[in-house]
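The chain contents come next:
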Amino acid sequence: MARLITPLLALLALGLALLSLGLGSTQVSVITGLLDWLSGGNGADAIVIGEIRLPRTLLALAVGAALGLAGAALQGLLRNPLADPGLTGASQGAALGAATVFYFGLLPWAGAFAPALAGLCGAAIALVLMLALAGSSGAGMVLLAGLAISTLSGALLAAVLNFAPNPYAMQELVFWLLGSVSERGLEHLLLLGPALLIGFGLIWSQRRLLLGLSLGEQVAQSLGLAHKRGSRLIVLGCALLVGASVAVAGGIGFVGLLVPHLVRPLVRHRPDRLLIPSALAGASLVCLADMAVRLLPPGRELKLGVLTALIGAPLFIWLVWKERKQWI
Amino acid sequence: MDLIRLDRLAVPGRLQPLRLALAPGEMLGVIGPNGAGKSTLLNALAGVQPYSGTLDYFGFDARRLGPKQRAQRIGFLPQSHHSAWSLCVEDVVALGRLPWGDEDAALIESAMARTGVLPWRRRKVAQLSGGEQARVWLARVLAGQPVLLLADEPVASLDLLHQRKVMELLREHARQDRAVVLSIHDLGLAARYCDKLCLLAEGQLLAFGTPREVLTEAHVAAAFQVEVHVDLDAQPPIILPK
């Protein structure tokens, strides 16, 4: 069964992607529209699929994959099922970066792409600060440094909100922070795609360390695994994934925390085999949640991040309850 | 040629410079009171604790071995074990193949068979008793086929049956070109199963040699601060406080 999980989840993600392409207020033929768009056509179907639904679907899949993968890697590194990828400080850094765009109107030449670009810069600055603060210490201190930088970014973000120039800027910023993959173009994928690839590469290269760490740092070290260097690469990979996804889509909460937990029993709890299934399950979940957002009655749009939080929070409570019972 | 040779090996503040050697086919017991430096010595041998001095492995400086090469040759069973995840027995044993980068099913199965954990291969390790778990942790190290097996108090907190089983497995491993170094508190078991003993106290080497050379009443009294009765001719050997 464990071997079938990856192909099954890949099929699920693909099926949901096709459904997502077909979902919308206008009835269009997905395959015809997609083929037409790929061949450079500019029919109505091609424009609806290629310019609106495809970017949205691909972004939902990529953001979900990034968050699911980052969560699986970080929980494996810290050997804690309650670790959240936001702990790296990159997500708050990205949020602050994007907020400064709304506040100061920076990067006017980038247009709608500006918050994402500034978000990535914010994530990168947070990452550099975190690594500088952590110095040469181990995984625990790196995460503590991440938390410290995250707190600082959070405080600055609160200050930006506090001094918002006008209610519209603040509303725009708050809505952006709530998280969404709508009204984004394929150029956002150019930002998230490389981050997803590099982050995945960094984490995948350390999958054996994640497995070795199951029995503790001492055992991992005695198995010839470079714990200190490897844990840095994993944290760096997670920060890239989370920073880029927050920069592009705002805060999509609970995916990184819960997806690995739901998938873990399906891969016999092996942290190395959890990575790809978690990425695929995260992609499926965010794509599904985005479809749910679109299916809600028209009116004020429910933001994707709000929906994942509404679903995720009760699941998190259930998780804490289950963990608590083990300690009683 | 010696399998390992330690020359002025020391860990600042925890282990004074010591010199000893172990030949292939031998089992070395590291004995001494709590805080004597037994675990520190094993950690240094395993490469998880920085040390000064030299540690030669088959006449070759162990520092010049890469971490992977070292892990392929030296297997380490730490004192305390805990799996962060709810892994099954088979997956824990497969961890022993990490230095080799494979999951050789035949070697994993052989390690499980030798330790008698094969019937529980699909069970979660956390569901097993302490004695059963000890055999699983040992199977993990055996699956890596290390030339030198290091075990830090492998029989601590085990019942008599499991103590004997684990000691016999270690003894069986220390054959031909392989050797075992273990730290142990039970001096009777140490005398019965080990070829050589290394008696440590407060980070210093008090005695090194065969059990008969090391386990004298004077040595044991000096190390443990207690008068003891020693009868190494009894079967099994007896070392008891007076």
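Note that this is a predicted model, so its numbers are computed, not measured.

Once that is clear, we can look at the interface of chain B and chain A. With 29 residues of chain B at the contact, the number on the chain A side is 23 residues. Summed over both sides, the interface between chain B and chain A buries roughly 2,200 Å², with carbon and sulfur atoms accounting for 60% of that surface. At the junction of chain B and chain A, the tally comes to four salt bridges. Across the pair Glu103(B) and Arg270(A) runs a salt bridge whose closest N-O atoms are separated by 2.7 Å. For the pair chain B and chain A, the number of links is six residue pairs in polar contact (both at pLDDT 80 or more). The residue makeup of the side of chain B that touches chain A, split by class, is 15 nonpolar, seven polar and seven charged.

Take unusual backbone geometry next. Residue and element names in this part refer to chain B. Note that the residue after Gln 235, namely Pro 236, is joined by a cis bond; omega there is -5°. Along the chain, the position of Pro 236 falls in the loop between strand E11 (228-231) and strand E12 (238-241). At Glu 153, a position not held by glycine, the phi torsion is positive, near 45°. As for its position among the elements, Glu 153 is in the loop between strand E7 (148-152) and helix H6 (160-173).

Residues and elements named next belong to chain A. Counting across every chain of the model gives three aromatic pairs over all chains. Between Phe 254 and Phe 316, the ring centres sit 5.9 Å apart and the planes meet at 55°, which makes this aromatic pair tilted. Pair noted here: Phe 254 is in the loop between helix H11 (227-249) and helix H12 (255-263) and Phe 316 is in helix H14 (residues 304-327), with a separation of 62 residues, a long-range link.

So, about the UniProt feature "transmembrane region" (unreviewed entry) in chain A. Residue and element names in this part refer to chain A. The sites that UniProt annotates as "transmembrane region" (unreviewed entry) are residues 58-78, 90-110, 116-134, 141-165, 185-204, 233-262, 274-292 and 304-321. In residues 185-204, helix accounts for 95% and strand for 0%; the two terminal C-alpha atoms are 28 Å from one another. Across residues 304-321, the secondary structure splits into 100% helix and 0% strand, with the terminal C-alpha atoms separated by 26 Å.

Another point: a nonpolar patch on the surface. Residues and elements named next belong to chain A. A grouping of Leu 4, Leu 8, Leu 11, Leu 14, Leu 18, Ile 31, Leu 35 and Leu 38 is seen on the molecular surface, where their side chains present a nonpolar patch of about 830 Å² in accessible area. Mapped onto the nonpolar patch, the elements with two or more residues apiece are helix H1 (2-22) and helix H2 (30-38). Here the element with the most residues in the nonpolar patch is H1; it accounts for five residues. Relative to the assigned elements, Ile 31 resides in helix H2. Exposure remark for Ile 31: the relative accessible area of 53% places this residue in the exposed category.

All names here are of chain A. Mapping Ser 91 onto the fold places it in helix H4 (residues 90-104). Residue Ser 91 is classed as buried on the basis of its relative accessible area, which comes to 16%. For the pair formed by Ser 91 and Trp 318, sequence separation is 227 residues and the distance between their alpha carbons is 25 Å. Apart from residues lying up to four places away in sequence, Ser 91 is in contact with Gly 86, Val 242 and Val 246.

We now examine the UniProt feature "domain: ABC transporter" (unreviewed entry) in chain B. Feature annotation in UniProt assigns "domain: ABC transporter" (unreviewed entry) to the following positions: residues 4-227 of chain B. Between the C-alpha atoms that bound residues 4-227 of chain B the distance is 33 Å, and the span itself is 36% helix and 25% strand.

All names here are of chain B. Taken in spatial order, the six strands make up an open sheet running E6-E7-E8-E3-E9-E10, and their pairing is mixed. In this open sheet, the two edge strands, each paired with only one partner strand, are strand E6 (74-77) and strand E10 (204-209). Sheet twist, expressed as the mean angle between neighbouring strand axes with direction ignored, is 15°. The pairing of strand E3 (residues 27-31) with strand E9 (residues 196-201) spans four bridges and is classified as parallel. The partner of Ile 31 across the bridge, within E9, is Leu 199. Taken strand by strand, helix H1 (residues 38-46) contacts E3, E6, E7, strand E8 (179-183) and E9, and its axis lies near 150° from that of E7. Strand contacts of H6: E3, E7 and E8, with the helix running at about 145° to E8, the strand carrying the most contacts.

Rules and cut-offs
- Residues numbered from 1 in each chain as written.
- Chains lettered and ligands numbered in written order.
- Predicted model: local features only at pLDDT ≥ 70, side-chain atom pairs only at ≥ 80, totals over all residues.
- Heavy atoms only, no water.
- Contact = heavy atoms within 4.5 Å.
- Buried area = accessible area lost by both parts, 1.4 Å probe.
- Salt bridge = Lys/Arg side-chain N within 4 Å of Asp/Glu carboxyl O.
- Polar contact = N/O pair within 3.5 Å; in protein donor to acceptor, adjacent residues only side chain to side chain.
- Nonpolar A, V, L, I, M, F, W, Y, C, P; charged D, E, K, R; others polar.
- Helix = DSSP H or I, 4+ residues; strand = E, 2+ residues; numbered from the N terminus.
- Phe/Tyr/Trp six-rings, centres within 6.5 Å; stacked < 30°, edge-to-face > 60°.
- UniProt positions renumbered as here; feature names shortened; annotations may be inferred.
- Patch = residues over 30% accessible without salt bridge, like charges linked within 9 Å, V, L, I, M, F, W, Y side chains within 5 Å.
- Areas by Shrake-Rupley, 256 points an atom, 1.4 Å probe, with all protein chains shown as cover.
- Buried < 20%, exposed > 50% of the residue type's maximum accessible area, 1.4 Å probe, protein only.
- Pairing = 2+ DSSP bridges.
- Axes fitted to C-alpha atoms, helices over the stretch in contact; angles between N-to-C directions.

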